[in-house]
Amino acid sequence: MVRVIMGAKGSGKTKQLIEMINYAAENETGSVVCVEIGKKLVFDVSPKVRLVESSDFAADTFQFFKGFISGMYASNYDLTHVFIDSLCKIVPSEPDSPEVEDFLHWLDRFSERNQVKFTITISADISLATDAMKAYF
């Protein structure tokens, strides 16, 4: 399952994400990971959540990010939910680019194969969402 939360800056995405992360930390049976850029969530999420600072790993292309996610799963088969905060900032890209769509489709297939849920925020006006992206809202 892939879920995308999209909205302009100040629309409440981060607050919603923090609530979802903390809920998952208390209710999921496996490991919960949050990939972020910067360390802005460190005081807001449960210490049960593994926070990963993406810039520590130079995860700045979708090809690299796919490998990064695959590696996280390969090192922890108990992974049940991955949250990705600000996808288009972690991997510099336009929200309506074909690369973002391709990544979401890949993530959906990965999710199905490995039973890992993904929740992603994209900071952009929702009117920029393509039809393919809207399938994940």
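Heads up: the structure comes first, above all this text.
Our subject in this report is the structure included herewith. All of these numbers come straight from a predicted model, not from anything done at the bench.

### Overview of the packing of helix 2 (residues 62-75) against helix 4 (residues 98-114)
Here helix 2 crosses helix 4 at 15 degrees, and the two axes come no closer than 11 Å. Viewed along their axes, helix 2 and helix 4 adopt a mutual orientation that is roughly parallel. When you trace helix 2 past helix 4, the crossing you get is right-handed. Side by side, helix 2 and helix 4 meet where Phe62, Phe65, Lys66, Ile69, Ser70 and Tyr73 of the first sit next to Glu99, Val100, Phe103, Trp106, Leu107, Phe110 and Asn114 of the second. Here the contact of helix 2 with helix 4 is built from residues that sort into nine nonpolar, two polar and two charged.

### Section: the side chain of Asp85
Tracing the chain through its elements places Asp85 in the loop between strand 4 (79-84) and helix 3 (87-90). Side-chain polar atoms of Asp85 contact the side chain of Lys40, separated by 3.2 Å. Beyond its immediate stretch of four places on either side in the chain, Asp85 contacts Leu17, Val35, Glu36, Ile37, Lys40, Leu41, Ile90 and Thr121.

### Thoughts on the environment of Gly10
Positionally, Gly10 belongs in the loop between strand 1 (2-7) and helix 1 (13-27). Linking Gly10 and Ser75, residues 65 residues apart in sequence, is a C-alpha distance of 35 Å.

### Regarding the sheet that holds strand 5 (residues 117-123)
The five strands lie next to each other as 1-5-4-2-3, forming an open sheet whose pairing is parallel. The strands lining the two open edges of the sheet, one partner per strand, are strand 1 and strand 3 (50-53). In this sheet, adjacent strand axes meet at a mean angle of 15 degrees when their direction is disregarded. The pairing of strand 2 (residues 31-36) with strand 3 spans four bridges and is classified as parallel. Bridge pairing in strand 3 places Cys34 opposite Leu51.

### Some points on unusual backbone geometry
Not every positive phi belongs to a glycine, and Ser86 is a case in point at roughly 65 degrees. Within the secondary structure, Ser86 is located in the loop between strand 4 and helix 3. Residue classification places Ser86 among the buried positions, given a relative accessible area of 6%.

### Description of helix 1
Taking 1.5 Å as the rise per residue, helix 1 with 15 residues should run 21 Å; its terminal C-alpha atoms sit 21 Å apart, in good agreement. Where helix 1 is concerned, the buried positions are Lys13, Leu17, Ile18, Met20, Ile21, Ala24 and Ala25. The buried residues of helix 1 all sit within an arc of 165 degrees when viewed along its axis, so they share a single face. Away from its buried face by more than 90 degrees, helix 1 exposes Lys15 and Tyr23. Against strand 1, strand 2, strand 4 and strand 5 lie the buried residues of helix 1.

### Details of the state of the cysteines
Applying the stated criterion to the full structure yields zero disulfides. In this structure Cys34 is not part of a disulfide, and its nearest cysteine sulfur, from Cys88, lies 16 Å away.

### What about the side chain of Ser111?
One can find Ser111 in helix 4. The exposure class of Ser111 is buried, given its relative accessible area of 3%. A distance of 2.5 Å separates a polar atom in the side chain of Ser111 from the backbone oxygen of Val116. The residues touching Ser111, leaving out its near neighbours within four places in the chain, are Met1, Val2, Val116, Lys117 and Phe118.

Conventions we followed
Throughout this description, residue numbers start from 1 for each chain and increase along the sequence as written. Only residues with pLDDT of 70 or above have their local features reported here, since the model is predicted, and side-chain atom pairs are shown and tallied only from 80 upward, although totals for entire chains, interfaces and linings are computed over all residues. Only heavy atoms go into the side-chain values, all of them from the structure, while hydrogens and water stay out. Throughout, an axis means a line fitted to C-alpha atoms (over the contacting stretch in the case of helices), and angles, computed between N-to-C directions, take values from 0 to 180 degrees. A run of H or I in DSSP counts as a helix once it spans at least four residues, and a run of E counts as a strand once it spans at least two, with each numbered from the N terminus. Put simply, angles under 35 degrees are roughly parallel, angles over 145 are roughly antiparallel, angles from 65 to 115 are roughly perpendicular, and the rest are oblique. Take the far helix as your reference; a near helix turned counterclockwise from it by less than a right angle gives a left-handed crossing, and one turned clockwise gives a right-handed crossing. Here, two residues are considered to be in contact whenever any of their heavy atoms come within 4.5 Å of each other. Ten residue types, Ala, Val, Leu, Ile, Met, Phe, Trp, Tyr, Cys and Pro, are classed as nonpolar, four, Asp, Glu, Lys and Arg, as charged, and the remainder, Gly among them, as polar. In protein, a polar contact requires one atom able to donate a hydrogen and another able to accept it; more generally it is a pair of N or O atoms within 3.5 Å, and residues adjacent in sequence count only if both atoms are side-chain atoms. Being paired, for any two strands, means DSSP has found at least two bridges between them. Whether a residue is buried, partly exposed or exposed follows from its accessible area with a 1.4 Å probe, protein chains only, as a fraction of its type maximum: under 20%, in between, or over 50%, in that order. Multiply 1.5 Å by the residue count of a helix minus one, and that product is the helix's expected span. By construction, the arc corresponds to the directions joining the helix axis to the C-beta atoms. Here, a disulfide means two cysteine sulfur atoms that sit within 2.5 Å of each other.

Read these as layout, nothing more, since geometry by itself doesn't imply function.
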